[in-house]
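Below are the chains, spelled out letter by letter.
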Amino acid sequence: PTTSTQTTEYTTLNSGAAQQDVYVPPVSLNSLAEQVYTQGGWTPTIGATTGAITSTNINYANYVRIGDIVHINYSFTVTNNGTGTGAISITMPFVAKTKNIGFFRETNFNCKLGSITIDGGTSNALMVFYDNAYPGATSHVFVGNITYRI
């Protein structure tokens, strides 16, 4: 029969005459708690860096969190762009630890691709088309995702 004994840093596996020491890193309860899997939705606030977007409709906004990594999927419609220019801002459900970049696509008119960027220390991400143009316009529909560390 195989038996196992554990010390603080090594686990000794015994199988008959064979014995093998395997390194097992110490694990604290805090690091175990951080590995929890959660998923959910949130209601992002959509705006513009200059001017104001008059109205939007959130089609979906979901996240999956595994430990300190969050994967975001979202879609929204700019129902009235108003005076919005610059970049589209969208609030994320968690504050980012470092800068990360994701991607989006406008799916209703021009199907252009763009990037969504979140800086470390903030929960606000900015969206611009691949050519740095402002992506917002009335009736534009956006679908995107970003993964970042929290």
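For the structure, see preceding data.
Conventions we followed
- Residues numbered from 1 in each chain as written.
- Predicted model: local features only at pLDDT ≥ 70, side-chain atom pairs only at ≥ 80, totals over all residues.
- Heavy atoms only, no water.
- Pairing = 2+ DSSP bridges.
- Helix = DSSP H or I, 4+ residues; strand = E, 2+ residues; numbered from the N terminus.
- Axes fitted to C-alpha atoms, helices over the stretch in contact; angles between N-to-C directions.
- Buried < 20%, exposed > 50% of the residue type's maximum accessible area, 1.4 Å probe, protein only.

### Considering the sheet that holds strand S6 (residues 55-66)
Strand order across the open sheet formed by nine strands is S4-S6-S7-S12-S9-S10-S11-S8-S5, with antiparallel pairing between neighbours. A single partner strand is all that each edge strand has here, and the edge strands are strand S4 (37-41) and strand S5 (46-50). Strand-to-strand, the axes of this sheet are offset by a mean angle of 20°, without reference to chain direction. Two strands pair when backbone bridges link them, and strand S9 (residues 100-106) and strand S12 (residues 140-149) are joined in this way by four bridges, in the antiparallel orientation. Paired with Glu-106 across the two strands is Phe-142, which belongs to S12.

### Observations concerning unusual backbone geometry
Here the phi dihedral of Cys-111 falls at roughly 55°; this positive angle occurs in a residue that is not glycine. The exposure class assigned to Cys-111 is partly exposed, which follows from its relative accessible area of 34%. Positive phi is not limited to glycine here, since Asn-132 has a value of about 70°. Within the fold, Asn-132 resides in the loop between strand S11 (124-129) and S12.

Worth remembering: the numbers are spatial, not functional.
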